[in-house]
Each structure stands twice: as C-alpha cells, then as structure tokens.
Amino acid sequence: LIRHGFVVRHKALVNGTRVPWEVPAAGVVILLGLIVALRPPPAPATPVAAGAAPVTFAQVKAVMEQRCVICHNAQVASKNVRLDTPEEIARHAAQIHQQVNVLKLMPMNNSTQITDAERALLARWHAEGAKLD
C-alpha cells in the first residue's frame, strides 16, 4: 500500500489532482498493527518466595561444577568459555543467563539433566547482580 501510495501520488501530481494520502496511511496503520501483534511476550518474572534468602555463589558454583564444567573447563573450554573458576563464571554471567534461562540451549540437549530449579537458581543469581559473595 505504501508503494502504491507513491505511485498514485506521482500520478496525482502529474495530473494536477488531489494526492490520495489515504492509501499510504492505510499501509502505515497495517504495519503498526503487525508490529503490535507480533511483539514478543514479556519475560516471565522469576518466582521468588517471600523472604527468600539471596542466592549464594556457593550454590551457583555447585550447579556449575555439576552441570557445566564437564564441557567448559581449562582443558576443553568449549566455544572458548571456561566456567571452572569464580572469575570466569562472573565474567560470563550474562551469557550463562542467556543460554541457560532465556534460550534454554545449555547444557546442549540437556545432556547433564539440569533441573528447572537449578535454572531458576541461576536466574535469581543473575537478577541479584551475579555477585561472587
């Protein structure tokens, strides 16, 4: 409709008639409607029990050692990501959150059987600032 609007505008200007702005306006309205209809849903809030204690780094490290260090250690370093030291875990906190919680791609094919509770723990740790305690 927007392209057609340019064509009819040019034709109207050549003929000296009124420019029909309704055609491109309809195209813009349709595009805006599509943008609104296809917007991603809001991210679900991580459920936290009232008065829950903050996540400690020891809890996060235990999950990392059990579920992640198999592929992300000093010897293997899959995709150049090491998760075997506290500094490396903190350095990759945003990537961990993205891969484990948002995309749920890691562990690959859930090979280490990470649980939803462990994913929630890592999400809470990231939301709390990914501190090393």
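Relevant structure appears above.
What counts, and where the lines are drawn
- Numbering of residues starts from 1 in every chain and runs along the sequence as written.
- Whole-chain, interface and lining totals are the exception, using all residues; otherwise, since this is a predicted model, local features are given only for residues with pLDDT of at least 70 and side-chain atom pairs are given and counted only at 80 or more.
- To get the side-chain values, all heavy atoms of the structure are used, and hydrogens and water are removed first.
- Per the convention used, a helix needs a DSSP run of H or I reaching at least four residues, while a strand needs a run of E reaching at least two, with both numbered from the N terminus.
- This radius of gyration counts C-alpha atoms alone. The globule rule is 2.2 Å times how many residues there are, raised to the power 0.38.
- Buried means the residue's accessible area, taken with a 1.4 Å probe over protein chains only, is under 20% of the maximum for its type, while exposed means over 50%, and partly exposed covers the values in between.
- Residues scored as positive are Lys and Arg, those scored as negative are Asp and Glu, and His as well as the terminal groups of each chain are ignored.
- A charged residue contributes its charge at one atom only: NZ of Lys, CZ of Arg, CG of Asp or CD of Glu.
- When a carboxyl oxygen of Asp or Glu lies within 4 Å of a side-chain nitrogen of Lys or Arg, that pair is called a salt bridge.
- Residues are said to line a cavity or pocket when one of their atoms sits within 4 Å of a point; the points come from a 1 Å grid over protein atoms alone, cavities being sets where a 1.4 Å probe fits but cannot get out and pockets being open sets with protein on both sides within 12 Å along at least five of seven lines.
- Grid points are joined across faces, edges and corners, and a volume is the space filled by probe spheres set on the points.
- Gly falls in the polar group here, along with every residue not listed as nonpolar (Ala, Val, Leu, Ile, Met, Phe, Trp, Tyr, Cys, Pro) or charged (Asp, Glu, Lys, Arg).
- A helix is expected to reach a length of 1.5 Å times the quantity of its residues less one.
- When we speak of the arc, we mean the arc of directions from the helix axis to the C-beta atoms.
- In what follows, residue pairs with any heavy atoms lying within 4.5 Å of each other are defined as contacts.
- Convention adopted: a line fitted to C-alpha atoms gives each axis, helices being fitted over their contacting stretch, and angles between N-to-C directions are expressed from 0 to 180 degrees.
- If an angle is under 35 degrees, it is roughly parallel; if it is over 145, roughly antiparallel; if it lies from 65 to 115, roughly perpendicular; otherwise it is oblique.

Q: I would appreciate a short explanation of the overall build of the chain in the present structure.
A: The helix and strand inventory of the chain stands at 6 helices and 0 strands. For the chain, whose C-alpha radius of gyration is 26 Å, the value lies well above the compact-globule estimate of 14 Å for 133 residues. Its C-alpha atoms give the chain principal-axis dimensions of about 75 × 40 × 25 Å. For the chain, the residues scored as buried account for 29% of the 133 residues in total. Measuring between centres, the 14 positive side-chain charges of the chain sit 16 Å from its 9 negative side-chain charges.

Q: Please clarify how the pattern of salt bridges should be interpreted in this entry.
A: Where charged atoms from two side chains of opposite charge come close, those side chains can pair. The tally for this structure, following the rule as stated, stands at 6 salt bridges. The salt bridge partner of lysine 61 is glutamate 65, with a shortest N-O separation of 2.9 Å. Here glutamate 65 and lysine 61 lie together in helix α3 (residues 57-67), a separation of 4 residues that amounts to about one turn. One salt bridge in this structure joins glutamate 128 and arginine 124, with 4.0 Å as the shortest N-O distance.

Q: I would appreciate a short explanation of the layout of surface pockets in the present structure.
A: There is about 430 Å³ of room inside the largest pocket. Lining the largest pocket are 19 residues, with His72, Ser78, Val81, Gln99 and Met106 sitting closest to its centre. With 4 residues, the top contributor of residues to the lining of the largest pocket is helix α5 (residues 93-102). Here the residues of the lining of the largest pocket sort into 10 nonpolar, 7 polar and 2 charged.

Q: Explain helix α1 (residues 2-15) here, please?
A: What sets the pattern is the α-helix's 3.6 residues per turn: residues three or four places apart point alike. Here α1 is 14 residues long and its end C-alpha atoms lie 20 Å apart, about the 20 Å a rise of 1.5 Å per residue gives. All of the buried residues along α1 are Gly5, Val8 and Ala12. For α1, the buried positions fall inside an angular range of 70 degrees around the axis, keeping them on one side. Facing away from the buried side of α1 by over 90 degrees, the exposed positions are Arg3, Phe6, His10, Lys11 and Val14. Buried residues belonging to α1 abut α2 (22-38). Of the residues flanking the end of α1, it is glycine 16, one or two places downstream, whose phi is positive at about 75 degrees.

Q: Can you walk me through the packing of α1 against α2 in this structure?
A: When two helices pack together, their arrangement is given by the angle between their axes and by how far apart the axes lie. Running from amino to carboxyl end, α1 crosses α2 at an angle of 170 degrees, the nearest separation of the two axes being 7 Å. With respect to α2, the axis of α1 lies roughly antiparallel. For the pair α1 and α2, the contacting residues are Ile2, His4 and Gly5 in the first and Val23, Pro24, Gly27, Val28 and Leu31 in the second. Residue classes in the contact of α1 with α2 are distributed as 5 nonpolar, 3 polar and no charged.

Geometry only, nothing functional implied.
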